[in-house]
Amino acid sequence: MYGSSTKASKSFPNPLASQEEKLVQEYGMAYAKAIEAQWNGSSPDDSAINRRNREFHRNRKYANGTQDVDIYKRLLNNLDPNNNDGTLLNMDFSPVPVLPKFARIVTNKVLSRDMYPNVEAVDPLSTSFRDKEKKKIEMLVKNRQLLVDLKKAHGIVVNEDPDSIPETLEEAEIFLGTNVKLDAEVAAQLATQATLTWNKFNETTFRRAVGDLVSCGMCVVKRLNDPSYGISIDYIDPKDFVHSYTEDPNFGDISYAGAVRRISISELKRLAGEKLTEEQIEKIAEKSASKYGNDSSSLRRTHYDNQARRTVYGYDEYIVEILDFEFLSTDKMYFEEKENKFGNVGFYVKGYNYKERKGGVYERKPHCLEITNVYGGIYVMGCGYLFDYGIKTNMPRNMHDLSRTRMSYSAVATNLDDMVPKSMIGSTKGFADMLQLTHLKIQQAIAKAKPDGLIIDIEGLENVQLGKGGELQPLELHDIYEQTGVFYYRSKNPEGGFQNPPIREIGNSIRNINELINLYNHYMRMIRDVTGVNEAMDASTPKGDALVGVREQAIAAGNNAIYDITNASVVLFQSVCEDIVKCLQVLPKESVIFEAYSNAVGKSNMGVLSSFENLPMFNFGVTVTKNMDDRERQFLEQSIQMSLQQQAIDLEDAMAVRELKDVEQAERLLSLRRTKKQQRQMQMSQQNSQMQAQQAQQAAQQASQSRQQELQMESQIEMQKIQAKAQADIQVAQALHEFKKEIEMIKAQATLGFKTDDQEFKQKIEVLKEDRKDERVDKQAVAQSKLMSQRKDRRGELAQDNTKEIIRNLTQDGNRT
């Protein structure tokens, strides 16, 4: 793998050296030369990087449809049985662009589902807080109706607006993953997404990386912590990537990594600054004068640029190779446990260089912590110059495991075989060559195809009278047939036997054309089988009579075939996001970049701004979430449209379902909203039935009341009639009574005088009778009194009254009347 020359015998420096030794320039130079020796090998053709680059170069040519056609020409010349009969001169040797189509289909299939990071804190404190938030939401869901009633009745909103609270626990579970987040999680996720957006990662870097996975089977990106531009993600061509030996497709166990870059000497001056003198630059130019297409005649050419006010050297445009490398090394950081005069024990950081002190008053005990650091620099290959070497700053670390870190390079491959990845394009190159040869053979067969012809039997025309001209030549017969289309012949020969028509057509046929077409389709099917891109996946030949299940199985088979590429792209995206989050945690608070992130994240959410400063306190985990693909979105939209047509959901429910990015959550929410709509419809139907029953009851009551009112009115009318009749009868009776009374009064008045006189007479008689009675009583009293007085001799006799005279007068009056 690494070659067998003396360069390959150069070993790496001591990995157990102290940090002071590692920071020395010679240590970095030894490490860079060891990397160069491993990858250069004994010769350029034998080097590992060149062997892998040749494979990458061929794969990319096939993926672009621009592979070399000389091999096809040589093969056809060797297979040509006519020894260059001229048919190869008119053939089109341009490659059939079949593999570019499949490469684009797979690349676009992976990129069709946009990826975005989902950042969650995984430390125990964050988990406990999230559980509390979930319980709080469950309590709010249970008491939602009470909060709604309070808001409607009194306008009181307690902590949470009841309109924003999910109605059921199932709906709350759907949104718990996206809504229940710590402020620090929101800040980290927004900052990560902002970093990807600023770098246009999805549009440029990630697209190129997925294309490399399809064509080369490997992709690489590099993270840079630039103090001026912030966190940047750069694309690295896999053909320029060097690394330590590994069999891990995710490159998780590599100890060093680097990228070989070809730059101009003027760019080298900009990168090195004052770290390389002009004499050193000139030596670099001398060693590179005969490489990389440099013009050796301009090595000593110089002139002075008046505008730039500097000397311009002819070798400034020379191309040189530099190696931007990094390696992991473990350093020991010491802590000292020391007891003070009060008996308390403290731990004190002593750094990487520690020498134990003896003979102290108080007891000291050293403790060692092994910490992995990243060292790196830029090495000018083949020239022995190194600059910008040292320990890296702003290394991404896990806040709960500070002993580990990662290099700037993030690489991933679909698979590795002896350090060379195997790609999808590499697996189909043989079939593409055979398909191209078949295409060329079809062209050759078409070029060798004969035109339409005739078979003329001269003997069949011998017994036919040909006119005065006598016998005709075969060409003349052909002309007559072509011009008139009519010919005469005898069906019997002179012996009396039947004979065939003397002129017969020879149809145009291309030799072996059907076999070649079948062979072309065979190699096309082989390419489809290897890539997994079948007809259902690329929708090239959709069949109307194909069942939906069969089509789904074909699409699932294609997805399984490209799963390695899809999984590798997800791993790369996740690795980049994890590096970004860890770099955000180590940003200095006084830096301009920290302020830029604070403004970008904090202005939209001031609560996030305060937590952004506390990002180092949390241990974050990053998961990659992908949007729905076109097929899932299409099926979901069909379900939504069907539900809308059936009035199973409302338009607001459809909008809420479409906003979700996860198809499982969307389907759960759609099912939940359908159930809720059915419940609401059942409640409405029950309410409608109750209202209809109430309305019917009210209508019956109203009808009964109106009937009663009618009866009451009829009875009142009858009573009124009776009363009126009674009053009329009374009035008539009164009138008759009055009439009778008047009549009686008239009669009484007529007879009153008689009755009055008679009555008076009777009264007078009675009075007289009484008077006479009184008189008799008086007389009796007088008589008794006399008798008694006489007996006792006490008084005299009672006087006599004029009773007789009164009676006499009354008698006279009566007679007079």
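Residues numbered from 1 in each chain as written. Predicted model: local features only at pLDDT ≥ 70, side-chain atom pairs only at ≥ 80, totals over all residues. Heavy atoms only, no water.

Chemist: What's the story with unusual backbone geometry in this structure? I'm lost.
Modeler: With a phi angle near 50°, Lys200 is a residue other than glycine that sits in the positive phi range. Tracing the chain through its elements places Lys200 in the loop between helix 9 (183-198) and helix 10 (201-215). You will see that Asp388, though not glycine, has its phi angle at about 55°, which is positive. By the secondary structure assignment, Asp388 is in strand 11 (residues 385-391). What makes Asp388 partly exposed here is its relative accessible area of 31%. (Helix = DSSP H or I, 4+ residues; strand = E, 2+ residues; numbered from the N terminus. Buried < 20%, exposed > 50% of the residue type's maximum accessible area, 1.4 Å probe, protein only.)

Chemist: So what exactly am I meant to see when it comes to the environment of Val571 here?
Modeler: Among the structural elements, Val571 can be located in helix 18 (residues 563-585). Separated by 160 residues in sequence, Val571 and Ala411 place their C-alpha atoms 9.2 Å apart. Setting aside anything within four residues of it in sequence, one finds Val571 in contact with Asn250 and Val412. (Contact = heavy atoms within 4.5 Å.)

Chemist: Whenever I open this one, the environment of Ser427 confuses me. Can you help?
Modeler: Locating Ser427 in the fold gives a position in helix 13 (residues 424-447). Not counting residues within four places of it along the chain, the set of residues in contact with Ser427 comprises Lys422 and Val530.

Chemist: Can you help me understand the packing of helix 5 (residues 99-111) against helix 15 (residues 513-531) in this one?
Modeler: Direction vectors running N to C along helix 5 and helix 15 enclose 25°, while the axes themselves pass 12 Å from each other. With respect to helix 15, the element helix 5 is oriented roughly parallel. Taken as a pair, helix 5 and helix 15 cross one another with a handedness that is right-handed. Residue-level contacts link Leu99, Lys101 and Phe102 of helix 5 to Met524, Ile527, Arg528 and Thr531 of helix 15. Taken together, the residues that form the contact of helix 5 with helix 15 break down as four nonpolar, one polar and two charged. (Axes fitted to C-alpha atoms, helices over the stretch in contact; angles between N-to-C directions. Parallel < 35°, antiparallel > 145°, perpendicular 65-115°, else oblique. Left-handed = near helix turned anticlockwise from the far one by under 90°. Nonpolar A, V, L, I, M, F, W, Y, C, P; charged D, E, K, R; others polar.)

Chemist: Explanation requested: the packing of helix 9 against helix 18 in the structure shown.
Modeler: The relative placement of two packed helices comes down to the angle between their axes together with the axis-to-axis distance. Two elements in contact, helix 9 and helix 18, have axes separated by 10 Å at closest approach and are oriented at 115°. Remark: the crossing between helix 9 and helix 18 carries right-handed chirality. For the pair helix 9 and helix 18, contact is made by Ala188, Ala191, Thr192, Thr195 and Leu196 and by Phe573, Val576, Cys577, Ile580, Val581 and Leu584, respectively.

Chemist: Even after reading the chapter, I still don't get helix 22 (residues 651-659), so can you show me in this structure?
Modeler: Each full turn of the α-helix corresponds to 3.6 residues, which orients residues three or four apart in the same direction. Inspection of helix 22 places Asp653, Ala654 and Val657 among the buried residues, and these make up the whole buried set. The buried side chains of helix 22 occupy one side of the element, clustering within an arc of 100° when seen end-on. Opposite the packed face of helix 22, turned more than 90 degrees from it, sit the exposed residues Leu651, Glu652 and Glu659. (Arc of directions from axis to C-beta.)

Chemist: Explain the packing of aromatic side chains here, please?
Modeler: Any aromatic ring pair is given by two values, namely how distant the centres are and how the planes are angled relative to each other. On inspection of all chains with the given rule, the structure shows 13 aromatic pairs. With 6.2 Å between their ring centres and 45° between their planes, Tyr27 and Phe327 make a pair best called tilted. Linking Tyr27 in helix 2 (residues 25-40) with Phe327 in strand 8 (residues 319-339), this pair joins segments that are 300 residues apart in sequence. Given a relative accessible area of 1%, Phe327 falls into the buried group. (Phe/Tyr/Trp six-rings, centres within 6.5 Å; stacked < 30°, edge-to-face > 60°.)

Chemist: When you look at helix 13 in this model, what are you seeing that I'm missing?
Modeler: For helix 13, with 24 residues, the first-to-last C-alpha span of 34 Å sits near the 34 Å given by 1.5 Å per residue. Taken as a whole, helix 13 carries its principal kink of about 40° at Gly430. Structurally, the start of helix 13 carries an N-cap: the backbone nitrogen of Gly426 is 3.0 Å from a side-chain oxygen of Ser423. (Expected span 1.5 Å × (residues − 1). Bend = angle between axes of the 7 residues up to and from the residue. Polar contact = N/O pair within 3.5 Å; in protein donor to acceptor, adjacent residues only side chain to side chain.)

Chemist: For this particular structure, what's the right way to read the side chain of Gln19?
Modeler: Along the chain, Gln19 turns up in helix 1 (residues 19-22). Other than its neighbours up to four places away in sequence, Gln19 contacts Asp331, Tyr352, Asn373, Tyr375 and Ile391.

Chemist: What's the story with the pairing of strand 5 (residues 256-264) in this structure? I'm lost.
Modeler: With seven of nine residues buried, strand 5 lies mostly within the body of the structure. Examined bridge by bridge, strand 4 (residues 241-243) and strand 5 share three bridges and lie antiparallel to one another. Its bridge partner lying in strand 5, Phe241 is registered against Ala259. Bridge count for strand 5 against strand 8 is nine bridges, and the pairing is antiparallel. Opposite Ile263, over in strand 8, you have Val320 as the bridge partner. (Pairing = 2+ DSSP bridges.)

Chemist: Sorry if this is basic, but what is going on with the sheet that holds strand 14 (residues 409-413) here?
Modeler: Picture the strands of a sheet paired through backbone hydrogen bonds; they go either parallel or antiparallel. Taken together, three strands build an open sheet; the order of strands is 3-2-14 and the sheet is antiparallel. For this open sheet the edge positions go to strand 3 (230-236) and strand 14, each flanked by a neighbour on one side alone. Ignoring which end each strand starts from, the neighbouring axes of this sheet average 20° apart. With seven bridges joining them, strand 2 (residues 218-226) and strand 3 adopt antiparallel strand pairing. Within strand 3, the position partnered with Asp226 by the bridge is Gly230. Its contacts with the sheet put helix 10 on strand 2, strand 3 and strand 14, and the angle it makes with strand 3 is roughly 30°.

Chemist: Would you mind going over the confidence of the model for the chain with me for this structure?
Modeler: As a general rule, the predicted coordinates of low-pLDDT regions are not to be interpreted in detail. The predicted model of the chain has a mean per-residue pLDDT of 77, with 77% of residues at 70 or higher. Looking over the chain, one finds the lowest element-wise mean pLDDT in helix 20 (residues 606-612), namely 51, and the highest in strand 14, namely 92. Counted against residues more than four places away or in other chains, residues 1-9, with its pLDDT under 50, gives 19 contacts. Overall, residues 605-609 carries pLDDT values under 50, and its contacts beyond four positions in sequence, including any with other chains, amount to seven contacts. (pLDDT = per-residue confidence, 0-100.)

Chemist: Teacher, can you tell me more about the pattern of salt bridges here?
Modeler: Pairing is possible between side chains that carry opposite charge, provided their charged atoms lie close to one another. Tallied over the entire structure, the rule returns 15 salt bridges. Across the pair Asp240 and Lys239 runs a salt bridge, and its minimum N-O distance is 3.2 Å. Put simply, Arg223, Arg406, Glu578 and Asp579 are held in one network by salt bridges that share partners. (Salt bridge = Lys/Arg side-chain N within 4 Å of Asp/Glu carboxyl O.)

Chemist: Looking at this structure, how should I read a nonpolar patch on the surface?
Modeler: Residues Val732, Leu736 and Phe739 make up a contiguous nonpolar surface patch of about 290 Å² in total accessible area. According to the relative accessible area criterion, Val732 is partly exposed, its value standing at 45%. (Patch = residues over 30% accessible without salt bridge, like charges linked within 9 Å, V, L, I, M, F, W, Y side chains within 5 Å. Areas by Shrake-Rupley, 256 points an atom, 1.4 Å probe, with all protein chains shown as cover.)

Chemist: Help me understand the nonpolar core in this model?
Modeler: The biggest cluster of nonpolar side chains holds 68 residues, and the ones touching the most others in it are Phe206, Ile425, Phe573, Leu584 and Phe620. Here the element with the most residues in this core is helix 18; it accounts for 11 residues. Residues within four places of Ile425 in sequence aside, it is in contact with Asn59, Tyr62, Ala63, Leu99, Ala103, Val214 and Ser215. Grouped together as the second largest cluster of nonpolar side chains are 21 residues, Tyr31, Tyr256, Val260 and Met419 included. (Core = buried A, V, L, I, M, F, W, Y, C linked by side-chain atoms within 4.5 Å.)

Chemist: So what exactly am I meant to see when it comes to the state of the cysteines here?
Modeler: Simply put, disulfide is the name for a covalent bond between the sulfur atoms of two cysteines. Throughout the structure, instances matching the rule amount to zero disulfides. Unpaired in this structure, Cys216 has its nearest cysteine sulfur neighbour in Cys219, at a distance of 9.8 Å. (Disulfide = S-S within 2.5 Å.)

Chemist: Would you mind showing me how to read the environment of Ser94 here?
Modeler: Along the chain, Ser94 turns up in the loop between helix 4 (70-79) and helix 5. Ser94 sits in the partly exposed class, given a relative accessible area of 42%.

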